[in-house]
Amino acid sequence: LSSRAVCQKDQVAADASDCYLTFHKLTLHLQGDKEPGWLKQLFTDFISFTLKLVLKSEVCNEINFLAQVLASFVHDLAADFVQDEDISVDISLASVPLIKANYLESHHKGLVLYKNYSDAFSNSVFSPSLLTESRMLYFWLSEHILSSLASAAFLDKRLVLTIRGEKLQALFEAEDTEVQRKAVQMIFQGTSYNDSVAKVWSLAQPQISLQPEGTVVKSMVAVEVSIFPPGEQPLMVLYMEKEITVTIQAAYAEKKLILHPLDSRIQFKVFKCTADPSGNDPSIRNFLQTMISVVGIPEVISRIEPALTSLMNSKGLHLFEIINPEIITRKGYIIVQLDFSFPNHLLLDFLEKRL
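Residues numbered from 1 in each chain as written. Predicted model: local features only at pLDDT ≥ 70, side-chain atom pairs only at ≥ 80, totals over all residues. Heavy atoms only, no water.

As for the environment of Arg135
Locating Arg135 in the fold gives a position in the loop between strand S8 (117–118) and strand S9 (137–142). A relative accessible area of 15% places Arg135 in the buried class. Remark: the alpha-carbon pair of Arg135 and Leu338, spanning 203 residues in sequence, is separated by 5.9 Å. Excluding residues that lie within four positions of it along the chain, Arg135 makes contacts with Ile323, Asn324, Pro325, Glu326, Gln337, Leu338 and Asp339. A polar side-chain atom of Arg135 sits 3.1 Å from the main-chain carbonyl oxygen of Ile323. Within polar-contact distance, the side chain of Arg135 engages the side chain of Glu326 at 3.0 Å. (Helix = DSSP H or I, 4+ residues; strand = E, 2+ residues; numbered from the N terminus. Buried < 20%, exposed > 50% of the residue type's maximum accessible area, 1.4 Å probe, protein only. Contact = heavy atoms within 4.5 Å. Polar contact = N/O pair within 3.5 Å; in protein donor to acceptor, adjacent residues only side chain to side chain.)

So, in structure tokens, the structure goes:
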């Protein structure tokens, strides 16, 4: 049996039309006669030949049908995985698949689509020759795709975080020092954390670049802290805009995405605080800069981890047994390589819907 992959309707499809079967031994006996005369032998040879043709046709047709079903299943699964509400990724083929002895290599457009927004096609600097053949599955993604996804998330107003109560207290009281207590008293003016709220959001589309040390994210971020004193009008006590650059390393283990922040750089652009109207007191700003880098950035990332894990699991990733996954960043692209076991019930559900 042989099969090949073809480009069909902008997706990879399997083609087993050149299927062939070899019968090592197929012998028919007429009425159990193992040594028939020449007339009986001619008749049984004709029946054998006809049966071989029929079996070949039927078996190859079924194989071709199943190959098409599997190709459609994989494509539909992938298309659903890269779509969430109004944000999707066009994974149609960018070129004809390359079929080699041990693997199939396909290049997909990876165009991010969001309402009226669509990014421009940009080729990756990645070369498939950099891959080994020791793993079952490889993905490579360009930084252009990740930046476009970040832009779509920004336009969809997803890059907003609200912190209150115990989370807010843990953020501002990570270090029990005199400087910390003084700064907190000045900022919150004695108001309870339960009557306070901090809002963090991105002011512009984040810029993402992929480097050997990790994924570098540069973003202009705003932070607003408001208090709600009992019986009084809400009061904004702190507002700041800052440019944050942080390097993140990603991993996947125990069916969870793990994001580890490395070095970060913070540069204040706007700083307004009711406790320091003139902005001449450096103690509050220094405290906030330390708090943001040591506690704030890890806190934001710790919120992103379960959100992305939940999103991937909603697409069925947790149903796969991912074996020894590796996420490797290089300049301009990222490689994900892994082995996996297939959840058979997903395919059975797909077949029931198709048949």
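Still more to cover.
As for the pattern of salt bridges
For the structure on display, the rule yields nine salt bridges. The shortest N-O distance in the salt bridge between Arg158 and Glu85 comes to 3.5 Å. Taken as a pair, Arg158 in the loop between helix H2 (143–155) and strand S10 (160–164) and Glu85 in the loop between strand S3 (83–84) and strand S4 (87–90) lie far apart in primary sequence, 73 residues in all. Of the charged contacts in the structure, one is a salt bridge between Arg303 and Glu299, with a shortest N-O distance of 2.9 Å. Within this pair, Arg303 and its partner Glu299 are both found in helix H5 (residues 282–314), separated by four residues, close to a single helical turn. With relative accessibility at 25%, the residue Arg303 sits in the partly exposed group. It is possible to trace a salt-bridge network through shared partners that takes in Asp84, Glu85, Asp156 and Arg158. (Salt bridge = Lys/Arg side-chain N within 4 Å of Asp/Glu carboxyl O.)

Overview of unusual backbone geometry
One non-glycine residue, Lys157, lies in positive phi territory at about 60 degrees. Its location among the elements puts Lys157 in the loop between H2 and S10. Overall, the relative accessible area of 68% leaves Lys157 in the exposed class. A positive phi angle, close to 50 degrees, is found at Glu254, a residue other than glycine. Relative to the assigned elements, Glu254 resides in the loop between strand S14 (235–253) and strand S15 (256–273).

What to know about the pairing of strand S7 (residues 111–114)
In the sheet, S4 pairs with S7 via four bridges, with the strands oriented antiparallel. Paired with Ser88 across the two strands is Leu113, which belongs to S7. Between S7 and S8, which follow one another and run antiparallel, lie two residues, and Lys115 among them has a positive phi close to 50 degrees. (Pairing = 2+ DSSP bridges.)

Some words on the packing of aromatic side chains
A complete count under the given rule lists six aromatic pairs for this structure. Taking 6.4 Å as the distance between ring centres and 40 degrees as the angle between the ring planes, the aromatic pair formed by Phe172 and Phe287 counts as tilted. Remark: Phe287 occurs in helix H5 and Phe172 occurs in helix H3 (residues 165–172); sequence separation between them is 115 residues. Residues Phe172 and Phe287 agree in their burial class; the two are buried. On the basis of an interplanar angle of 45 degrees and a centroid distance of 6.4 Å, the ring pair of Trp201 and Tyr239 is categorised as tilted. Taken together, the residues span a long stretch of sequence, with Trp201 in strand S11 (residues 196–202) and Tyr239 in strand S14 at a distance of 38 residues. For Trp201, a relative accessible area of 19% translates into the label buried. Taken together, Phe172, Phe188, Tyr193 and Phe287 form an aromatic cluster joined through their ring pairs. Taking the ring centre of Trp201 as reference, the NZ or CZ of Lys199 above it sits at 4.9 Å. Here the basic side chain of Arg285 rests over the ring of Phe268, its NZ or CZ set 5.7 Å away from the ring centre. (Phe/Tyr/Trp six-rings, centres within 6.5 Å; stacked < 30°, edge-to-face > 60°. Lys NZ or Arg CZ within 6 Å of the ring centre and 35° of its normal.)

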